Amino acid sequence: MLTRVSLTGSLGLALLAAAALPALAQDRGGGLAQAEWAQNYDSAATMRVQRSNTPILSPQTLAATEQMVERYRDIVARGGWQPVSGAERLRVGSKSPAVTALRQRLIVSGDLDPAAGSSPVYDSYVEAGVRRFQARHGLNQTGAMNITTVQAMNVPADVRLRQLELNAVRLRSYSGNLGERYVIVNIPAALVETVDGDHVATRHAAGVGKIDRQSPIMNAKIQEVNFNPYWTVPASIIKKDLIPKMQKDPAYLTDNKIRIFNGDREIPPSQVNWHSDEATRYRFRQDPGVDLNSMGFVRINIPNPHGVYMHDTPAKGIFGDDFRFVSSGCVRVQNVREYVSWILQGTPNANPDTIEAIIQGGQRVDARPVAPIPVYWTYITAWSTPDGLVQFRDDIYKRDGAGAPTASMAAAAAGPRNFNPDADDDQTN
């Protein structure tokens, strides 16, 4: 059974109940490692992070984040935590002085009970604490140390405090009426949440914009779902991607079912001078098809001035990666069938069997939700949930201004303030 933990103690962070660690109470000596090997699965279950159903953009998350600011001020006042070193290869069974330092790091951040002591053995409790830390930082929960986990652990406590202070400002900017049903895209977390009322209905990993092709922070509305769409290649991708690919592989467009049009007239790739900018004057369109089309089988139409949208992808492997900043600005959605079913709730096309039949039919079908659904593309790098769990993500687009004085935080905070989710949106795409 998953256990929720609360904020207690002088550090004000979630710590496990001592009852969850019977082996420690019995043996603090040389037999500690053996006592804990038998407890491996139980301890991991106790430490596992339970996902909150509280939306990131909610009064509850704001209140919890403001409370966590105070907790982290206390941590910083007490000296924060020490960086860990020589820990990149540690895993269950490792024995090293670095494990002792790792235990102390996990204790300070509330990922390991102080009763776990200072053994140099990487036991099941350390493994569970590392999993918990990884979950709080959006990393794959392997329970083993690696360079990415070490880098996250070595971010100083005062930087984490500034993240929380800044993101409390961002969260506060969304404190108005967001709508009864809405979608949140949190870009740094590469995460999509659908919200019904005051709880998360579905949650999806996402692929978002690369550092040099950033997904915009914006508000829009989901107007339409396009099944089996054509993909019209944006001009930026023609210039940055297609032209260099065609210079290396003249069969690239044909292999990927991408056609070239000059107005309504299709022209063969062999007639284009790929060593000039001629290609930028044409329209490139990829045929529908789940296996090859860059949008997979569905495009979620959200008219906006940035020309971005949400869509499926044939490259499903990205969703298992820690680093999902892979697109040219659009958002790729994991388990998009479930997402589309939620969008179309209350319409004939919401049924999973109907969705599958449309996909397999291969024909273009456009379906509208009962009413346009507000969607908020946000930039939240730190937040806390009402169960006392604090989450951090990398400031991938360098918008947090780490080290900036507190006075600059309000100006740096990105977030719309006067968006009416019930207003009509006449934009078309």
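Use the structure listed above.
The notes below deal with the structure included here. None of the values given here were measured: they were computed from a predicted structure.

1. Focus: the packing of helix 11 (residues 336–343) against helix 12 (residues 352–361)
Between two packed helices, what matters for the description is the angle formed by their axes and the separation of those axes.
Line of reasoning, step 1. At a minimum axis distance of 10 Å, the contact between helix 11 and helix 12 shows a crossing angle of 120°. As judged from the angle between their axes, helix 11 and helix 12 are oblique. For the element pair helix 11 and helix 12, the recorded crossing hand is right-handed. Contacts between helix 11 and helix 12 involve R337, V340 and S341 from the first element and I355, E356 and I359 from the second.
Line of reasoning, step 2. Looking at the contact of helix 11 with helix 12, its residues break down into three nonpolar, one polar and two charged.

2. Notes on the pairing of strand 7 (residues 224–227)
Line of reasoning, step 1. Burial of strand 7 is two-sided: the residues E224 and N226 facing one way and the residues V225 and F227 facing the other way are all buried.
Line of reasoning, step 2. Pairing analysis gives four bridges linking strand 7 to strand 12 (residues 298–301), with the strands arranged antiparallel. Pairing of F227 across the sheet is with V298, part of strand 12.
Line of reasoning, step 3. Looking at chain direction, strand 7 and strand 16 (residues 365–367) are connected through three bridges and run antiparallel. When the sheet's bridge partners are listed, V225 is paired in strand 16 with A367.

3. A word on the pattern of salt bridges
Line of reasoning, step 1. The final tally for this structure, using the stated rule, is 19 salt bridges.
Line of reasoning, step 2. Residues E70 and R73 are paired through a salt bridge, measuring 2.7 Å at the closest nitrogen-oxygen approach. Of the two residues, E70 and R73 are both situated in helix 4 (residues 59–77); the distance of three residues between them amounts to about one turn of the helix.
Line of reasoning, step 3. The closest approach of N and O atoms between D400 and R170, which form a salt bridge, is 2.7 Å. Taken together, the residues D400 in the loop between strand 19 (390–392) and helix 13 (409–412) and R170 in helix 8 (residues 157–172) connect sequence positions 230 residues apart.
Line of reasoning, step 4. Salt bridges here are not isolated pairs; linked through shared partners, they connect E70, R73 and E165.

4. Points about the side chain of R105
Line of reasoning, step 1. Assignment of secondary structure puts R105 in helix 5 (residues 97–108).
Line of reasoning, step 2. Although R105 is buried, it forms no salt bridge, and the closest oppositely charged side chain is D111 at an N-O distance of 5.2 Å.
Line of reasoning, step 3. Looking at R105, its side chain comes within polar contact range of the side chain of S109, at 3.0 Å.

5. Things to note about the nonpolar core
Line of reasoning, step 1. Among the nonpolar cores identified, the biggest contains 56 residues, and F227, F284, I302, M310 and Y339 are the most heavily contacted of them.
Line of reasoning, step 2. With residues near it in sequence (within four places) discarded, I302 still touches M218, A220, K221, I222, V308, Y309, M310, V375 and W377.
Line of reasoning, step 3. One finds L102, L112, V126 and V150 within the second-largest nonpolar core, a separate group that totals 20 residues.

6. Looking at unusual backbone geometry
A negative phi angle is the norm for most residues apart from glycine, just as the trans form is the norm for most peptide bonds.
Line of reasoning, step 1. In this model, A190 sits at a positive phi of 50°, which is unusual for a non-glycine residue.
Line of reasoning, step 2. By secondary structure assignment, the location of A190 is in the loop between strand 3 (181–186) and strand 4 (191–196).
Line of reasoning, step 3. For K257, which is not glycine, the phi torsion reads 55° and is therefore positive.
Line of reasoning, step 4. With respect to the helices and strands, the residue K257 is situated in the loop between helix 10 (252–255) and strand 9 (258–262).

7. Structural notes on the packing of aromatic side chains
Line of reasoning, step 1. For the coordinates displayed, the defined rule picks out six aromatic pairs.
Line of reasoning, step 2. A centroid spacing of 6.1 Å and a plane angle of 85° characterise the contact between Y72 and W81, whose relative ring orientation is edge-to-face.
Line of reasoning, step 3. According to the relative accessible area criterion, Y72 is buried, its value standing at 1%.
Line of reasoning, step 4. For W81, a relative accessible area of 9% puts it in the buried group.

8. Remarks on the environment of Q214
Line of reasoning, step 1. In this structure, Q214 sits in the loop between strand 5 (199–209) and strand 6 (218–222).
Line of reasoning, step 2. Sequence separation between Q214 and I396 is 182 residues; the distance between their C-alpha atoms is 9.6 Å.
Line of reasoning, step 3. Not counting residues up to four positions away in its chain, the partners in contact with Q214 are G209, G329, Y397 and R399.
Line of reasoning, step 4. Within the structure, the side chain of Q214 is placed 3.1 Å from the backbone oxygen of I211, a separation counted as a polar contact.

Calculation notes
- Residues numbered from 1 in each chain as written.
- Predicted model: local features only at pLDDT ≥ 70, side-chain atom pairs only at ≥ 80, totals over all residues.
- Heavy atoms only, no water.
- Axes fitted to C-alpha atoms, helices over the stretch in contact; angles between N-to-C directions.
- Helix = DSSP H or I, 4+ residues; strand = E, 2+ residues; numbered from the N terminus.
- Parallel < 35°, antiparallel > 145°, perpendicular 65-115°, else oblique.
- Left-handed = near helix turned anticlockwise from the far one by under 90°.
- Contact = heavy atoms within 4.5 Å.
- Nonpolar A, V, L, I, M, F, W, Y, C, P; charged D, E, K, R; others polar.
- Buried < 20%, exposed > 50% of the residue type's maximum accessible area, 1.4 Å probe, protein only.
- Pairing = 2+ DSSP bridges.
- Salt bridge = Lys/Arg side-chain N within 4 Å of Asp/Glu carboxyl O.
- Lys, Arg positive; Asp, Glu negative; His and termini not counted.
- Polar contact = N/O pair within 3.5 Å; in protein donor to acceptor, adjacent residues only side chain to side chain.
- Core = buried A, V, L, I, M, F, W, Y, C linked by side-chain atoms within 4.5 Å.
- Phe/Tyr/Trp six-rings, centres within 6.5 Å; stacked < 30°, edge-to-face > 60°.

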